[in-house]
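# Observations on chain architecture
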Protein chains: 2
Amino acid sequence: MQPELDPHPLRSKGFRLTPQRLAILNVLQEADCHLSPVEIFQRAEERLPGLTEATVYRTLDFLTDQGLALVAHLGSGHLVYETARHEHHHLVCRTCGQTAQIDHAVLETLYAQFQSSTGFEIDTSHVVFFGHCPACLKEMKSKVESGRS
Amino acid sequence: MQPELDPHPLRSKGFRLTPQRLAILNVLQEADCHLSPVEIFQRAEERLPGLTEATVYRTLDFLTDQGLALVAHLGSGHLVYETARHEHHHLVCRTCGQTAQIDHAVLETLYAQFQSSTGFEIDTSHVVFFGHCPACLKEMKSKVESGRS
DNA sequence: GTTGGTGCAAAGTGTTTGCAACCTC
DNA sequence: GAGGTTGCAAACACTTTGCACCAAC
């Protein structure tokens, strides 16, 4: 049964299993949320002193190519990465940056609609919405109130 | 009747109406699509020689704050801007970068669902989806075909 | 005339790259 | 041992900032 037990898809694809790649994968899996390259570097460097940022960038790129990591644009124009393990989506507050997760099921119907109207197939593994969180909404509305009459 | 005819919301808010701001606003409105800061700089600089990139960045930021421009993350981790005039959304191909527009109506139902489940109010002015365009999809599928059996 | 806005140039940030040494296979 | 990976350091692209001058009000 050994061959099927191989825990590292990288090996089976012919890539080398380096401490750097393992450290970064572990960071992503343990964080279980989106992290910026710098955050990933900091956490991985704790486990693997001597790790460099260049390697983090290269590895994140590599892991994304191999389907082991997902990349998204959560705001501020920069990229964030997360493990490819779980199927969920993000809702980001434009005002405070707070994020909420969206259940995958909610989007399924919508995907079908998009696909039939545009031919595009939505990347089911990760979608990001921008909006305003309840707290910021409240604040914005109170400003409007005080503004009129 | 003059006061009510003022065509520039900036003036009425107490901001100055400079050639730079007008040029950049015009570029956004005429492009009628998303542009990167560099593209905006290039186009605006044709109309207003001497314009600098620093001013473009400052102005885009300013216009976004004032609600006259919208900012979005369309891929590659960088920001793009567009006029706040029209209500549409983007679908970006992760493979080739091609974009499609999505009708606003399609999303309205979804927004309601999100709002009730998370309390977030989706930014109705701009949403971006990532996926794969028909052409790239076809290519990806043919690769899978050739890969198996 | 005031004060906000711009140009200029420099610095800052995040990311990529070339190359020799290294380590996984 | 061979070749894929990494560390190092430099280069790179994009964006922001300080300050003096200018122009819109």
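Placed above this text is the structure.
Summarised in this report is the structure supplied together with it. All of these numbers come straight from a predicted model, not from anything done at the bench. (Residues numbered from 1 in each chain as written. Chains lettered and ligands numbered in written order. Predicted model: local features only at pLDDT ≥ 70, side-chain atom pairs only at ≥ 80, totals over all residues. Heavy atoms only, no water.)

## Quick notes on the protein's contact with DNA strand D
- Around DNA strand D there are 20 residues in total, and R16, Q20 and T55 of chain A together with R11 and Y57 of chain B lie nearest to it.
- Put simply, 60% of the atoms of DNA strand D that lie within 4 Å of the protein are in sugar or phosphate.
- At 3.1 Å, a side-chain N or O of R21 of chain A approaches a phosphate oxygen of DNA strand D.
- Within the side chain of R58 of chain A, a nitrogen or oxygen atom sits 2.8 Å from a base nitrogen of DNA strand D.
- Of all elements in the fold, only α3 (19-31) and α5 (53-65) of chain A together with α5 (53-65) of chain B reach the threshold of two or more residues within the surface near DNA strand D.
- Here the residues of the surface near DNA strand D sort into eight nonpolar, six polar and six charged. (Near = heavy atom within 4 Å. Polar contact = N/O pair within 3.5 Å; in protein donor to acceptor, adjacent residues only side chain to side chain. Helix = DSSP H or I, 4+ residues; strand = E, 2+ residues; numbered from the N terminus. Nonpolar A, V, L, I, M, F, W, Y, C, P; charged D, E, K, R; others polar.)

## What to know about the packing of aromatic side chains
All names here are of chain A.
- What the rule picks out here adds up to two aromatic pairs over all chains.
- Their ring planes at 80 degrees and their centres at 5.0 Å tell us that F15 and F62 sit as a pair that is edge-to-face. Placement of F15 in the loop between α2 (9-12) and α3 and of F62 in helix α5 is noted, with a sequence separation of 47 residues between them.
- Assessed through its relative accessible area of 13%, F62 is described here as buried.
- One cation-aromatic arrangement involves R21 over F62; the distance from NZ or CZ to the ring centre is 3.8 Å. (Phe/Tyr/Trp six-rings, centres within 6.5 Å; stacked < 30°, edge-to-face > 60°. Buried < 20%, exposed > 50% of the residue type's maximum accessible area, 1.4 Å probe, protein only. Lys NZ or Arg CZ within 6 Å of the ring centre and 35° of its normal.)

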